[in-house]
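For reference, the chains in residue letters:
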Amino acid sequence: MGKRIGLFGGTFDPVHIGHLRGALEVAEQFGFDELRLIPSARPPHRETPQVSAAQRLEMVQLAVGGVDPLRVDDRELKRERPSWTIETLESLRAELGADVQLFLLLGWDAFCGLPGWHRWTELLEHCHILVLQRPDADSEAPEALRDLLAARSAVDPMSLQGPAGQIAFVWQTPLAISATQIRQLLREGRSVRFLVPDAVLAYIHAHDLYRAPN
Ligand code: ATP
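Residues numbered from 1 in each chain as written. Predicted model: local features only at pLDDT ≥ 70, side-chain atom pairs only at ≥ 80, totals over all residues. Heavy atoms only, no water.

**Thoughts on the site of the ligand**
Move 1: Taken together, 15 residues sit near the ligand, with H16, H19, L175, A179 and T180 positioned nearest.
Move 2: Side-chain polar atom of R183 to an oxygen atom of the ligand: 3.0 Å apart, as the coordinates give it.
Move 3: Relative to its free-state accessible area of 600 Å², the ligand is covered by the protein chains to the extent of 73%.
Move 4: The cavity where the ligand resides is the largest pocket.
Move 5: Put simply, the parts of the chain that give the shell around the ligand at least two residues each are β1 (4–10), α1 (17–30) and α8 (179–187).
Move 6: In the shell around the ligand, the residues fall into six nonpolar, eight polar and one charged. (Near = heavy atom within 4 Å. Polar contact = N/O pair within 3.5 Å; in protein donor to acceptor, adjacent residues only side chain to side chain. Areas by Shrake-Rupley, 256 points an atom, 1.4 Å probe, with all protein chains shown as cover. 1 Å grid on protein atoms, 1.4 Å probe; cavity = no way out; pocket = protein on both sides within 12 Å on 5 of 7 lines; lining within 4 Å. Sits in = over half its atoms within 2 Å of the grid points. Helix = DSSP H or I, 4+ residues; strand = E, 2+ residues; numbered from the N terminus. Nonpolar A, V, L, I, M, F, W, Y, C, P; charged D, E, K, R; others polar.)

Given below as C-alpha cells:
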C-alpha cells in the first residue's frame, strides 16, 4: 500500500500545543506515515514585527524534532511569494508520486472559506480533505460547497480510498489555545509556559520574540 501523509498548514506564529496535540491525535488515528506541518509565508506587512519566517520555521522544527510521525516541510517559505495551497499540493505530488495518499487537514472555518481559494475545485485531484470539526460547532456549510459535499463526503473517515478525492469529518475537541493568545500574553510580559513546548519557550526568550515594542 502507498504511504499515507497528512498535511497541516498554518502560520505557526508561534506553534503551540493546540497545533501539536491535534496533529498527533489525527496522525495516530489515521495511521499516517508522516504528518507534515507546513509553515506558510506571509506578505511582509502581515508578519509579526520582529519575528521572521525563518524564526517561525525554527520554532516548528524545535517543536516536532524527534516526535514521530510529525515532520516539518518548509517549501512554502522557500518561495518568493505566499503560495497557494494548490501549488503546494502540485509540488508535493510531483515529488512524492501519484500513489501516496495525501490528507489535507483543515479546520471547519478554513473549509467553509474554500470557495475563495485559488483553483479550489482542483484541490481534491491531489488530496483527500479531513475537516477538523468541533463537536459543538453546528454552522452549515456554504451553498457553494453543498454539491461537493454531497458528491465527495465519506461517512467513515477511516474508509477513504485511493490517493485523493474524498472529504471526511474528524471530530476532535481542540484545546482552547491560539497563537493570538500566546502573543498577547508575551506582549504583557506574562508566562506562556506549558502552552508551547519547552524548547519553543526557550527559543522565544533567547531571541526576545513577541515582546511589546519599547
Ligand atoms: P492565530 O491565533 O495567530 O490566528 P492559530 O493559533 O489559529 O493562530 P494558525 O497557525 O493560524 O494558528 O493555525 C494553523 C492550523 O492550526 C489551523 O488549521 C487552525 O485551525 C489549527 N489550530 C489552531 N489552534 C488550534 C488548537 N488549539 N487546536 C487544534 N487546531 C488548532
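**Here's the deal with the pairing of strand β5 (residues 128–133)**
Move 1: Across the six residues of β5, six count as buried, placing the element largely inside the fold.
Move 2: Burial along β5 is two-sided: the face carrying H128, L130 and L132 and the face carrying I129, V131 and Q133 are both buried.
Move 3: In this sheet, β5 lies alongside strand β4 (residues 101–107) in parallel orientation, the contact comprising five bridges. Bridge pairing in β5 links L105 to L130.
Move 4: Bridge analysis of β5 against strand β6 (residues 167–171) gives five bridges, and the strand direction is parallel. Bridged to Q133 within β6 is W171. (Buried < 20%, exposed > 50% of the residue type's maximum accessible area, 1.4 Å probe, protein only. Pairing = 2+ DSSP bridges.)

**Concerning α8**
One turn of an α-helix holds 3.6 residues; hence residues three or four places apart share an orientation.
Move 1: Taken together, the buried positions of α8 are occupied by A179, I182, R183, L185 and L186. Down the axis, α8 shows its buried residues gathered within 160° of arc, on one side only.
Move 2: In this fold, the buried residues of α8 make contact with α9 (198–206).
Move 3: Just downstream of α8, G189 is the residue with a positive phi angle, here 75°. (Arc of directions from axis to C-beta. Contact = heavy atoms within 4.5 Å.)

Shape descriptors only; they carry no functional weight alone.
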